[in-house]
Amino acid sequence: MDFQLTADQKALRAAMRDLLAARLDRAALRAAVERPALDRELWRALGEAGFFALRLPEREGGVGLTLADAALVFEEAGRALLPGPLVATHLAAGTEPGAATGESVVTRVDGPLVGWLAEADYVQGDAEGAVALRSVDPLTPLHRTRGTRTYVPEAALLAAAEQVGSASRSTELAVQHARSRAQFGQPIGAFQAVKHLCADMLVRTEVARAAVYAAAVTQDPCEIAGAKLLADEAAVRGARDCLQVHGGMGFTWEAEVHLHLKRAWVRAEQWQSAKEAAEVLAAAL
Amino acid sequence: MDLTCTEEEEAFRSRLRDWLSKALPRLPPRPDPSDWPARRAYDTGWQRMLYDAGYAGLHWPVAAGGRGATPTQHLIYLEETERAGAPYVGANFVGLLHAGPTIAAEGTPEQRARWLPPVLRGDEIWCQGFSEPDAGSDLAALRTRAVRDGDDYVVTGSKIWTSHAEVADWCELLVRTAPIDASVPKHRGITWLALPMDAPGITVRPLRTLAGSAEFAEVFLDEVRVPVAHRVGAENDGWRVTMVTLAFERGTAFVGEVVACRRTLTELAATARRNGAWDDDETRRRLGALNAEFTALWRLTQWNVSASTRGGGAPGVGGSVFKLRYSHARQELYETAARVLGPDALDLGRALILDRLSSLSYTIAAGTSQIQRNIVAERILGLPKGR
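Residues numbered from 1 in each chain as written. Chains lettered and ligands numbered in written order. Predicted model: local features only at pLDDT ≥ 70, side-chain atom pairs only at ≥ 80, totals over all residues. Heavy atoms only, no water.

## Overview of helix 9 (residues 257–269) of chain A
Residues and elements named next belong to chain A. The test is simple: Numbering of helices and strands runs from the N terminus, with a helix taken as a DSSP run of H or I at least four residues long and a strand as a DSSP run of E at least two residues long. One fewer than the residue count of a helix, multiplied by 1.5 Å, yields its expected span. The buried label applies to any residue whose accessible area, calculated with a 1.4 Å probe on protein chains only, is under 20% of its type's maximum; exposed applies above 50%, and partly exposed to all values in between. What makes two residues a contact is simply this: any of their non-hydrogen atoms within 4.5 Å.
For helix 9, built from 13 residues, the straight-helix expectation of 18 Å at 1.5 Å per residue is met to within 8% by its first-to-last C-alpha distance of 19 Å. Taking burial as the measure, the 13 residues of helix 9 include 11 buried ones, the bulk of the element. The complete set of buried residues in helix 9 reads Val257, His258, Leu259, His260, Leu261, Lys262, Arg263, Ala264, Val266, Arg267 and Ala268. In this structure, the buried side of helix 9 is in contact with helix 2 (26–34), helix 4 (67–80), strand 5 (142–144), helix 6 (153–180), helix 8 (221–245) and helix 10 (274–283).

Structure below.
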């Protein structure tokens, strides 16, 4: 047993982080928030980097990697707040034309909500009569549907990986702010009340990350449900605590924190909700 | 990321499983929890069985008399012994998980030869003399004094929350060898001593806990003479030696209990299905969430163990992350147990309820959750020290 990242996995993660840092820096993210539309050029760049074809066998033009490798890449997507129907398109690689290369955008009706419906080239599932919502997340357009959820464990796992990336980023943002913002003559991070918020954020993230990585390796449906449950909690509570650490600044549109919170809320309802996950986990006892 | 065991590790598991199935039926009945001499005899008897079978000090280095097992084998051992319902380390806790590893890491060859084999054989029991009435979480504020007199230290003071003191042969004792002086950090004047518990001048008074039993004791030291040869590490260097001990305590000491919690959770689910508590949505989902919790804590342990195997040496501050989450998860387990049991949750005759009471100590012992959060914030996240 060596439950650590291999050298190849570290390289894969670093490459994804570099790509997203170059393509989706803070300025690009701000611009996307003001003009929410899917960046097709970025989508194709992701395709070229193998983001969607990662798990497709090499003989079918894919990269032939595992779900665990994909989890690392999706974690980076979550950190960077990368928008788009990432999981649905990734799952459609090899079945929908152009999905693997990022030439097309695929979304999927997953229960009562569907994201990016208007922008998608292919829609899986029945979106008949879907009604547009004013989505809480400025970077995820949402429609309400009458669809029911068909549970796809891999999708829940990849969404959980994104949540871990987001939770991790929220922790970093909170710590950066707590070290630099001074009040009462010292950095606010020297106050235990602030310190303890940050420590709890890290603990939730680390526990969720261990759960997500292990579930990605074992692919056990019960472990995946546990990973989704813990990752949703880490991302949602992490963003809320990060907002609190930022004080008044955290309540502004300008700060990045609200975007992490809103996306975490959306993902918590996608693929497997907390209620559904808890039922799977209870049934396994 | 590889979670599979090697063929060699699987062979180790099956040999252990086989031995456990033969050894456990030979155990005497479990003693009454309040009968300390009987508990000592039971726990040391089990230790002797482990020793004879070659499983004592599994993860200790070979030079210290251990088996030098890999961390993965140690995890397999914890998993299998808990799964089989084998006794917990009990009265051997301090010797096997604290004092022993500390002496193995910091002691002289003579000290290792004197103290380690009896721990492994179950011949000698250790207790922990760290906390004092005015030095709990602020451990460095301890005031028990040791004054050098020829080849002895003369020790005067008192200790509290000393687990197993009534039946211990030795105490890992922290004493102050340099006076508290405002110009020097107070942790600089501390020394680690091995105190024989039958030395003249020692008085042990059992302390009754909220669970009704006497789990620890107060220890009073009145001019107790301890040979200088019993000092582990240098004089005034006891704080560093202690940090070695605490890293072990936070890093690995609770690990086996995670498996035990998973077993308790499964039994609780069976009870809930029998008594109808299962039909309550919130209760059932809380049980499900606890399933996620203990599975994740086990995976986190594997992550930490893999990391320290690659990094080498003692477990790092990752132990604080684990300890924080685990201690709260354990308490949540018994809160949920109370929901499942209903009125029976008020019956002290149920083992679960005694466990519920004892779980209240987990967020306090070995550094409170508040202290652990400071450690995580300052040493992992790099936040500034403050008040």
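## A closer look at the pattern of salt bridges
Side-chain pairs of opposite charge can arise where the charged atoms are in close proximity. Inclusion rule: Put simply, a salt bridge is a Lys or Arg side-chain nitrogen that is within 4 Å of an Asp or Glu carboxyl oxygen.
This model, assessed by the stated rule, comprises 57 salt bridges over all chains. With its nearest N and O atoms 2.8 Å apart, the salt bridge here joins Asp281 of chain B to Arg284 of chain B. Residue Asp281 of chain B and its partner Arg284 of chain B are located together in helix 8 (residues 281–311), separated by three residues, close to a single helical turn. On the accessibility criterion, Asp281 of chain B (36% relative accessible area) is partly exposed. We classify Arg284 of chain B as buried; its relative accessible area is 11%. Look at the salt bridges and you will find they share partners, linking Arg17, Arg26, Glu76, Arg79, Arg169, Glu172, Glu254 and Glu256 of chain A into a network.

## Overview of helix 10 of chain A
Residues and elements named next belong to chain A. For the record, the criterion: The directions considered for the arc are those from the helix axis to the C-beta atoms.
Those residues of helix 10 that fall on the buried side of the exposure criterion are Ala277, Ala278, Leu281 and Ala282. Down the axis, helix 10 shows its buried residues gathered within 135 degrees of arc, on one side only. Seen from the buried face of helix 10, the exposed residues on the opposite side, beyond 90 degrees, are Lys275 and Ala283.

## Digging into the interface of chain A and chain B
Rule in force here: Accessible area, probed at 1.4 Å, shrinks when two parts are joined; the buried area is that loss added up over both. A 3.5 Å cut-off defines polar contacts: any pair of N or O atoms within that distance qualifies, except that in protein one atom must be a possible hydrogen donor and the other a possible acceptor, and neighbouring residues in sequence count only when both atoms are side-chain atoms.
Contacts between the two partners involve 49 residues from chain A and, on the opposite side, 46 residues from chain B. In this assembly, chain A packs against chain B so that about 4,300 Å² is buried in total across both faces, 65% of it on carbon and sulfur atoms. Joining chain A to chain B, the criterion identifies six salt bridges. Between Lys195 of chain A and Glu378 of chain B there is a salt bridge whose closest N-O contact spans 2.6 Å. The tally of links from chain A across to chain B stands at 16 residue pairs in polar contact (both at pLDDT 80 or more). Within the residue set of the side of chain A that touches chain B, elements represented by two or more residues are helix 1 (7–23), helix 4, helix 6, helix 7 (192–218), helix 8 and helix 10 of chain A. No other element matches the 17 residues that helix 7 of chain A contributes to the side of chain A that touches chain B.

## Looking at the side chain of Lys262 of chain A
Residues and elements named next belong to chain A. Basically, it comes down to this: The charged-residue count follows a simple rule in which Lys and Arg add positive charge and Asp and Glu add negative charge, with His and chain termini not counted at all.
Among the secondary structure elements, Lys262 is positioned in helix 9. Although Lys262 is buried, it makes no salt bridge; Asp137 carries the closest opposite charge, 7.1 Å away. A polar atom in the side chain of Lys262 sits 2.9 Å from the side chain of His258. The contact partners of Lys262, leaving out residues within four places of it in the chain, are Val136, Asp137, Pro138 and Trp253.

## Considerations on the pairing of strand 2 (residues 145–149) of chain B
Regular strands have side chains that alternate between both faces of the sheet. Operational definition: We treat two strands as partners when DSSP finds at least two bridges between them.
Two strands pair when backbone bridges link them, and strand 2 of chain B and strand 3 (residues 152–163) of chain B are joined in this way by five bridges, in the antiparallel orientation. Among the inter-strand pairings, Ala146 of chain B is bridged to a residue of strand 3 of chain B, identified as Val155 of chain B.

## Considering the confidence of the model for chain B
Going by this rule: Per-residue confidence from the prediction method is given by pLDDT, with values spanning 0 to 100.
Per-residue confidence for chain B averages 91 on the pLDDT scale, and 96% of its residues sit at or above 70. Of all helices and strands in chain B, the one with the weakest mean pLDDT is helix 6 (residues 238–251) of chain B (72), whereas strand 4 (residues 170–176) of chain B scores best (97).

## So, the side chain of Arg267 of chain A
Residues and elements named next belong to chain A. Mapped onto the elements, Arg267 comes out in helix 9. Classification of Arg267 as buried rests on a relative accessible area of 2%. There is a polar contact of 3.2 Å between the side chain of Arg267 and the side chain of Glu162. Not counting the four nearest positions on each side in its chain, Arg267 is found in contact with Gly78, Ala159, Glu162, Gln163, Ser166, Lys228 and Asp232.

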